[in-house]
Amino acid sequence: MAARIDLTLDGADARLLAAFWKTALGYVDEPPPAPFRTREEWFASLALPEDDSVDDGAWLCDPDGVGPRLSILKVPEPKTAKNRLHIDIRVPGHGSPEERWARIRAESGRLVKAGGAVLEEVDGHHVVMADPEGNEFCVAAASRS
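Predicted model only: the values in this text are computed from it and were never measured.

## A closer look at the sheet that holds strand 8 (residues 136–141)
Phase 1: Strand order in the open sheet formed by four strands is 5-8-7-6, with mixed pairing between adjacent strands. The open sheet has two edge strands, strand 5 (87–91) and strand 6 (117–122), and neither has a second partner. Mean inter-strand twist for the sheet, computed between neighbouring axes without regard to direction, equals 25°.
Phase 2: As defined by bridge partners, strand 6 adjoins strand 7 (residues 126–130) across five bridges and the pair is classed as antiparallel. Looking across to strand 7, one finds that Ala 117 is bridged to Ala 130.

Below, the structure written as structure tokens:
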């Protein structure tokens, strides 16, 4: 069996990034771990430094349980270089290359309205984008399999 993975994204504003990535991926806020009823209750049990806040993080999950969990953590330092690992958002649907490209461009347009930015279009293949804090990701067509 392959290992399951979680992804963790650093940023200055965890709530801003969580709102963007929920829109981008269709994810939802992950419920707190059992037996806790709220994230605040869970966070209080961790004995973290006094200046840490539950608002310094966000935990998202795929509502269908298929995609990896996404944790977003507040960090003090700004982003300084290109990501070494990035997310590819795969747009579903098949058809002609022109139809697939139209769907990719429509999805990138939707994500610009949500706060993302287009960095580069690789015509007919994928769009390189950045989330509201500059973390790079790509929008491309889903595989045919």
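Picking up where we left off.
## So, the side chain of Glu 136
Phase 1: By the secondary structure assignment, Glu 136 is in strand 8.
Phase 2: Side chain to side chain, Glu 136 and Lys 79 meet in a polar contact 3.2 Å long.
Phase 3: Sequence-distant contacts of Glu 136, that is, excluding residues within four places in its chain, are made with Lys 79, Lys 82, Asn 83, His 86, Ile 87, Leu 119, Met 129 and Ala 130.

## Considerations on the pattern of salt bridges
Phase 1: All chains considered together, the criterion is met by 10 salt bridges.
Phase 2: Residue Lys 22 is joined to Asp 29 by a salt bridge in which the shortest nitrogen-to-oxygen separation is 3.1 Å.
Phase 3: Exposure remark for Asp 29: the relative accessible area of 44% places this residue in the partly exposed category.
Phase 4: In this structure, the salt-bridge partner of Glu 41 is Arg 37, at a minimum N-O distance of 3.1 Å.

## A word on the sheet that holds strand 4 (residues 69–74)
Phase 1: Spatially, four strands are ordered 1-4-3-2 in an open sheet, and the strand pairing comes out mixed. Whereas interior strands pair on both sides, the edge strands pair on one side only; in this sheet they are strand 1 (6–11) and strand 2 (28–29).
Phase 2: As paired elements, strand 1 and strand 4 share six bridges and run parallel to each other. Residue Leu 7 lies in a different strand from strand 4, and its bridge partner there is Leu 70.

## Thoughts on the packing of aromatic side chains
Phase 1: For the structure shown, the criterion picks out four aromatic pairs.
Phase 2: For the pair Phe 20 and Trp 21, a centre-to-centre distance of 5.2 Å together with 90° between the ring planes defines the contact as edge-to-face.
Phase 3: We classify Phe 20 as buried; its relative accessible area is 1%.
Phase 4: Ring centres 5.8 Å apart and planes at 55° place the aromatic pair Phe 20 and Phe 137 in the tilted group. A residue pair is termed long-range when its members are at least 10 positions apart, and Phe 20 in helix 1 (residues 14–25) and Phe 137 in strand 8 qualify at 117 residues. Phe 137 shares its class with Phe 20; the two are buried.

About the criteria used
- Residues take numbers from 1 onward in each chain, read along the sequence in its written order.
- The predicted nature of this model means local features are confined to residues of pLDDT at least 70 and side-chain atom pairs, given and counted, to a pLDDT of 80 or more, with totals for whole chains, interfaces and linings taken over all residues.
- Side-chain measures here rest on the full set of heavy atoms in the structure, leaving out hydrogens and waters.
- At least two bridges found by DSSP between two strands is the condition for calling them paired.
- Each helix corresponds to a stretch of at least 4 residues labelled H or I by DSSP, and each strand to a stretch of at least 2 residues labelled E; elements are numbered beginning at the N terminus.
- The convention used is that axes are lines fitted to C-alpha atoms, helices contributing only their stretch in contact, and that angles between N-to-C directions extend from 0 to 180 degrees.
- Under this definition, polar contacts are N or O atom pairs within 3.5 Å; protein pairs additionally need one hydrogen-donor-capable and one acceptor-capable atom, and for neighbouring residues in sequence, both atoms have to be side-chain atoms.
- When checking whether two residues touch, look at their non-hydrogen atoms; a contact exists if any pair is within 4.5 Å.
- Any carboxyl oxygen of Asp or Glu within 4 Å of a side-chain nitrogen of Lys or Arg constitutes a salt bridge here.
- With a 1.4 Å probe rolled over the protein chains alone, any residue whose accessible area is under 20% of its type maximum counts as buried; one over 50% counts as exposed, and the rest are partly exposed.
- In this analysis, rings of Phe, Tyr and Trp, with Trp reduced to its six-membered ring, are considered paired at centre separations within 6.5 Å, and the interplanar angle assigns stacked below 30 degrees, edge-to-face beyond 60, and tilted for intermediate values.

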